[in-house]
Amino acid sequence: MKKDIRYINTDGNDKDFIILCRELDQFLNQLVGGENNRAEYIPYNQLDDIHDVVLAYDRQFPVGCASFKQYIREKNQNNHIAEVKRVFVREQYRGFGISKELMNNLEIQAIKQGYKKLILESGEPLIAAMNLYKKLGYQVISNYEPYVDMPESICMEKIMDGCS
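These remarks concern the structure in this document. (Residues numbered from 1 in each chain as written. Predicted model: local features only at pLDDT ≥ 70, side-chain atom pairs only at ≥ 80, totals over all residues. Heavy atoms only, no water.)

**Re the state of the cysteines**
If you walk through the whole model with that rule in mind, you get zero disulfides. Not engaged in a disulfide, the cysteine C65 finds its nearest cysteine sulfur in C21; these two sulfurs lie 4.7 Å apart. (Disulfide = S-S within 2.5 Å.)

So this is what it looks like as structure tokens:
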């Protein structure tokens with residue numbers, strides 16, 4: 001059954017985005033055996049710096065989200081790199097291509113803002129997410145800050161088409 005999903009661009013203050021992020025946190029807690037097992041990641045998944053969000057809706061019901069924020073290695077540096085954050089689709093809506101469309105919309109938005117590379121952090125337990133990222137052209141890289149000393153992290157990047 002194909003879902004008729006609409007996508008909107010918003011920001012990190014959107015109430016539906018916040019709700020979906022809470023559900024993502026619950027999903028991750030279940031996946032890794034509780035919040036304590038992912039405590040070191042929590043500080044890096046705050047919504048404060050997220051200004052670019054794509055939401056997926058089935059009618060008026062929010063079903064998925066994806067976002068990015070500027071990745072800054074040093075203060076006052078613009079390196080044209082965005083970090084993908086908080087990609088999530090509610091369980092009953094998985095398998096319909098929504099996450100792929102969220103990521104496509106996110107990439108378009110990033111290119112329009114001048115980003116030349118997208119990076120992200122994931123992990124082995126997130127099999128479906130890892131498969132999606134690879135299908136979309138993301139490649140595994142060395143872990144970037146702040147994940148350098150987190151061996152369970154898998155970091156990836158994608159150079160945006162048309163950018164060098």
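Now that the structure has been shown, we can carry on.
**Overview of helix α2 (residues 98-112)**
In this model, α2 (15 residues) spans 21 Å end to end at C-alpha, consistent with the 21 Å of a helix rising 1.5 Å per residue. Those residues of α2 not exposed but buried are I98, L102, M103, L106, E107, Q109 and A110. G114, located one to two residues past α2, shows a positive phi value of around 90 degrees. (Helix = DSSP H or I, 4+ residues; strand = E, 2+ residues; numbered from the N terminus. Expected span 1.5 Å × (residues − 1). Buried < 20%, exposed > 50% of the residue type's maximum accessible area, 1.4 Å probe, protein only.)

**Quick notes on the side chain of D52**
Checked against the element boundaries, D52 lands in strand β2 (residues 52-58). Buried charged residue D52 carries no salt bridge. Nearest counter-charge: K112, at 11 Å. Here the side chain of D52 touches Q109 through a polar contact of 3.2 Å, side chain to side chain. In contact with D52, not counting residues within four places along its chain, are T10, A66, S67, F68, L106, Q109 and Q113. (Lys, Arg positive; Asp, Glu negative; His and termini not counted. Salt bridge = Lys/Arg side-chain N within 4 Å of Asp/Glu carboxyl O. Polar contact = N/O pair within 3.5 Å; in protein donor to acceptor, adjacent residues only side chain to side chain. Contact = heavy atoms within 4.5 Å.)

**Describing the pairing of β2**
Here β2 lies mainly inside the structure; seven of its seven residues are buried. Burial along β2 is two-sided: the residues D52, V54, A56 and D58 and V53, L55 and Y57 are all buried. Looking at chain direction, strand β1 (residues 5-10) and β2 are connected through six bridges and run antiparallel. Within β2, the residue paired with Y7 across the bridge is A56. Where β2 meets strand β3 (residues 61-70), seven bridges bridge the pair, whose relative direction is antiparallel. Across the sheet, residue L55 finds its bridge partner in β3, namely C65. (Pairing = 2+ DSSP bridges.)

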